Amino acid sequence: MTASPGGRALSAPLAGRESEPTLFELSVPGRQASSFRTTSLPEWPAEDLVPGEWLPEAPVELPEVSERDLVAHFTRLSHRQYSVDLGAYPLGSCTMKYNPKLCDEAAGMAAFAGVHPAAPPALAQGWLELLVELEEMLCAVTGMSAATLQPAAGAAGELTGLLLMRAWHDAHHEARRRVIIPDAAHGTNPASVTISGYEVTTVGTTERGDVDLSELRSVLDTDVAGMMLTNPNTLGLFEENIIAVTDAVHEAGALMYYDGANLNAILGVVRPGDMGFDIVHLNLHKTFATPHGGGGPGAGPVAVRTELSPFLPGPRPSLLDDGSYGWTSPPRSIGRVHSWHGNALVLLRAWTYLRLHGPEGLRRVAEVAVLNANWLKEQLRASYDVPYDRPVMHECVVSASSLERDTGLRALDVAKRLLELGFHAPTIYFPHIVHEALMIEPTETESPQTVAALADALAEIAAEARTAGRADAARAAPRTTPVGRLDEARAARNLVATYDQRAGGGDGGGDGAHDSRG
């Protein structure tokens with residue numbers, strides 16, 4: 001792509017007909033968006049303040065653009081994005097539900113947003129009361145006794161839970177080395193196990209989609225610290241032998257860790273604590289509709305049964321003996337896992353969501369999520385393979401295996417073609433144990449009409465592929481989006497993480513950077 005002469009950009013990128021220039025391509029010497037205000041402070045040369053070896057040899061090259069062009073550039077880019085506010089976002093195992101605006105309104109209240117995290121308890125009584133109430137509600141939902149609100153997202157919650165597991169075994173003078181996960185586990189599970197210093201042991205899945213109980217029993221011994229499990233699992237199925245699984249792990253002296261990624265399916269119906277879990281992490285951005293964000297801020301509270309509460313991170317918000325709220329530290333705390341007390345405004349959104357729904361409303365959330373997923377599965381049965389043919393929970397996993405065999409069309413092609421039909425693509429190629437997997441989670445916030453339209457679009461793609469000479473439509477997709485199909489394999493193998501306009505691209509070769517930007 002050539003530079004835009006005179007800093008010119010077309011409005012057409014909004015409609016997907018032109019590529020959006022970079023800020024460097026919009027740059028015109030001498031233009032600026034704003035200037036620093038004049039102060040009464042004297043100016044000092046940089047040479048007087050910074051050692052010479054740290055000074056650049058030449059001024060840093062930055063784009064020079066007007067405020068008008070700057071705002072237009074980022075607004076056009078924002079209009080290319082997809083979000084839960086625009087339509088269905090059926091990413092399996094992600095629970096991309098609509099985020100109620102009431103929760104955002106609560107988080108924007110000055111009485112909450114204006115409180116500094118270092119404020120003394122006497123000046124933050126409302127915040128502390130809210131956090132204590134949130135912990136109590138999360139414990140009621142999970143069947144646990146105590147919780148920490150500090151972890152700053154799901155992966156941080158996983159690590160915190162595993163550190164609690166280690167602290168528990170250390171307190172019992174047991175040096176256990178292994179944590180068991182199923183072969184259908186979320187990818188963060190083995191990563192968290194490794195980061196926490198444990199070794200991963202994987203167990204298989206039966207033909208019905210459950211943990212292979214006999215294989216589990218064969219790997220359990222005094223070297224196993226615990227087992228990480230999602231229920232419902234990533235196949236969208238409830239573990240039929242969950243009590244037998246937790247009993248077997250406990251008999252080996254190990255702990256059960258609940259990955260709360262799929263908690264949305266069982267809210268108000270059954271609790272992880274009732275299944276025998278000892279540690280539970282929750283993804284507030286999934287179950288309780290806080291924004292997913294672009295990597296943050298998030299919140300991943302961890303709840304535990306009574307015996308593990310002395311090890312929770314501290315300090316914790318607490319109701320003190322004198323009736324006021326303050327901070328207390330558990331006696332054998334693993335220490336802080338967040339610089340302050342968690343991402344408080346995200347926690348406030350979750351508190352608002354819980355208050356908004358109440359116990360009966362939360363149960364209704366789960367019921368509708370399960371209903372939507374099962375209805376969708378039945379609608380897709382004629383077009384795609386159903387690898388585990390039993391009632392599903394919050395999501396359904398179908399396969400494009402037959403479609404690939406008959407037409408050469410793969411799950412990736414289906415996902416790309418779906419973009420042209422107005423829907424965000426579902427998760428594909430996960431779980432890894434399902435060939436050509438399409439993992440679809442409609443959530444409870446999508447109407448029957450929207451779920452029906454999604455089902456019709458997926459069925460249309462399959463029918464189109466099976467019509468002579470029409471499979472190429474999906475292979476060429478997407479053609480109507482701002483960015484067409486990328487070479488994703490090349491992008492993964494030859495990552496270009498930066499863009500240097502002076503060199504014509506991130507790797508100095510020109511077209512590599514254009515590939516990374518579309």
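Everything numeric here is computed off the predicted structure, so don't read it as measured data.

### Focus: the overall build of the protein
What the protein contains, in helices and strands, is 19 helices and 12 strands. For a compact globule of 518 residues, the expected C-alpha radius of gyration is about 24 Å, and the protein comes in at 26 Å, within 12% of that figure. Taken along the three principal axes of its C-alpha coordinates, the protein extends 75 × 70 × 45 Å. When burial is assessed residue by residue, the protein has 49% of its 518 residues classed as buried. Long-range pairs, those at least 24 residues apart, make up 68% of the contacts in the protein between residues at least 6 apart in sequence. With an accessible surface of roughly 24,300 Å², the protein has 55% of that area assigned to carbon and sulfur atoms.

### A short note on the pairing of strand E3 (residues 199-203)
Two elements, strand E2 (residues 178-182) and E3, share five bridges in a ladder whose sense is parallel. Across the sheet, the residue bridging to Arg178 is Glu199, located in E3. Regarding the hand of the β-α-β motif, the stretch spanning E2, helix H8 (residues 188-195) and E3 is right-handed.

### What about the pattern of salt bridges?
If you walk through the whole model with that rule in mind, you get 34 salt bridges. Among the salt bridges present, the one from Glu488 reaches Lys416, with a minimum N-O distance of 2.8 Å. Of this pair, Glu488 sits in helix H18 (residues 488-493) while Lys416 is found in helix H15 (residues 411-420), placing the two residues 72 residues apart along the sequence. Taking relative accessible area as the criterion, Glu488 reaches 39% and is therefore assigned partly exposed. Classification of Lys416 by relative accessible area gives buried; the value is 13%. In this structure, a network of salt bridges that share partners links the residues Arg177, Arg178, Glu199, Asp221 and Asp223.

### A short note on the sheet that holds E2
An order of E1-E7-E6-E5-E4-E2-E3 is seen for the seven strands of this open sheet, with the pairing classed as mixed. With partners counted over all chains shown, the strands left at the sheet margins are strand E1 (146-148) and E3, one partner each. Mean inter-strand twist for the sheet, computed between neighbouring axes without regard to direction, equals 25°. Sheet contacts for helix H6 (residues 125-142): E1, strand E6 (279-282) and strand E7 (302-304); angle to E1, the most-contacted strand, approximately 120°.

### Some remarks on the packing of aromatic side chains
Per the stated rule, a full pass over the model turns up four aromatic pairs. A ring pair is formed by Tyr258 and Phe277, whose centres lie 4.9 Å apart and whose planes are at 80°; its orientation type is edge-to-face. One end of the pair, Tyr258, is in strand E5 (residues 255-260); the other, Phe277, is in the loop between helix H11 (272-275) and E6, with 19 residues separating them in the sequence. Accessibility assignment for this pair places Tyr258 and Phe277 in one class, buried. When the ring centre of Tyr198 is taken as reference, the NZ or CZ atom of Arg166 above it lies at 4.2 Å. Seen from the ring of Trp168, Arg305 lies directly overhead, with NZ or CZ sitting 5.4 Å from the centre.

### Brief notes about the state of the cysteines
Counted under the stated rule, the structure contains zero disulfides. Of the cysteine sulfurs around Cys94, a residue in no disulfide, the closest is that of Cys396, at 14 Å. Relative accessible area serves as the criterion here: at 24%, Cys94 is assigned to the partly exposed category.

### Remarks on the environment of Ile242
Mapped onto the secondary structure, Ile242 falls in helix H10 (residues 242-251). The exposure class of Ile242 is buried, given its relative accessible area of 6%. Here the alpha-carbon distance between Ile242 and Val211, two residues 31 residues apart in the chain, equals 8.6 Å. Residues in contact with Ile242, not counting those within four places in the same chain, are Leu229, Asn231, Met275 and Phe277.

### Some remarks on the packing of H15 against helix H16 (residues 448-466)
Where H15 meets H16, the closest approach of the two axes is 10 Å, and the angle between their N-to-C directions is 125°. It follows from the interaxial angle that H15 and H16 lie oblique. The hand of the H15/H16 crossing is right-handed. Facing Val414, Arg417 and Leu418 of H15, the residues of H16 in contact are Leu454, Ala457, Leu458, Glu460, Ile461 and Glu464. Classifying every residue of the contact of H15 with H16 gives six nonpolar, no polar and three charged.

### Section: H15
H15 sits mainly inside the fold: eight of its 10 residues count as buried. Taken together, the buried positions of H15 are occupied by Ala411, Asp413, Val414, Ala415, Lys416, Arg417, Leu418 and Glu420. On its buried side, H15 packs onto helix H14 (401-407), strand E11 (427-428), strand E12 (437-440), H16, helix H17 (472-475) and H18. Positive backbone phi, at 95°, marks Gly422, one or two positions downstream of H15.

### Focus: a nonpolar patch on the surface
A surface patch of nonpolar side chains, about 510 Å² in accessible area, is lined by Trp44, Leu49, Val50 and Trp54. Tracing the backbone through its elements, the reader meets Trp44 in the loop between helix H1 (23-26) and helix H2 (46-49).

### Let's talk about the sheet that holds E11
Spatially, three strands are ordered E10-E12-E11 in an open sheet, and the strand pairing comes out antiparallel. Taken across any chain shown, the strands that pair with only one partner, and hence form the sheet edges, are strand E10 (396-399) and E11. Where E11 and E12 come together, two bridges link them in antiparallel fashion. Within E12, the position partnered with Ile428 by the bridge is Leu438.

About the criteria used
- Residues numbered from 1 in each chain as written.
- Predicted model: local features only at pLDDT ≥ 70, side-chain atom pairs only at ≥ 80, totals over all residues.
- Heavy atoms only, no water.
- Helix = DSSP H or I, 4+ residues; strand = E, 2+ residues; numbered from the N terminus.
- Rg over C-alpha atoms; globule rule 2.2 N^0.38 Å.
- Buried < 20%, exposed > 50% of the residue type's maximum accessible area, 1.4 Å probe, protein only.
- Contact = heavy atoms within 4.5 Å.
- Areas by Shrake-Rupley, 256 points an atom, 1.4 Å probe, with all protein chains shown as cover.
- Pairing = 2+ DSSP bridges.
- Right-handed = clockwise from strand over helix to strand, strands pointing away.
- Salt bridge = Lys/Arg side-chain N within 4 Å of Asp/Glu carboxyl O.
- Axes fitted to C-alpha atoms, helices over the stretch in contact; angles between N-to-C directions.
- Phe/Tyr/Trp six-rings, centres within 6.5 Å; stacked < 30°, edge-to-face > 60°.
- Lys NZ or Arg CZ within 6 Å of the ring centre and 35° of its normal.
- Disulfide = S-S within 2.5 Å.
- Parallel < 35°, antiparallel > 145°, perpendicular 65-115°, else oblique.
- Left-handed = near helix turned anticlockwise from the far one by under 90°.
- Nonpolar A, V, L, I, M, F, W, Y, C, P; charged D, E, K, R; others polar.
- Patch = residues over 30% accessible without salt bridge, like charges linked within 9 Å, V, L, I, M, F, W, Y side chains within 5 Å.

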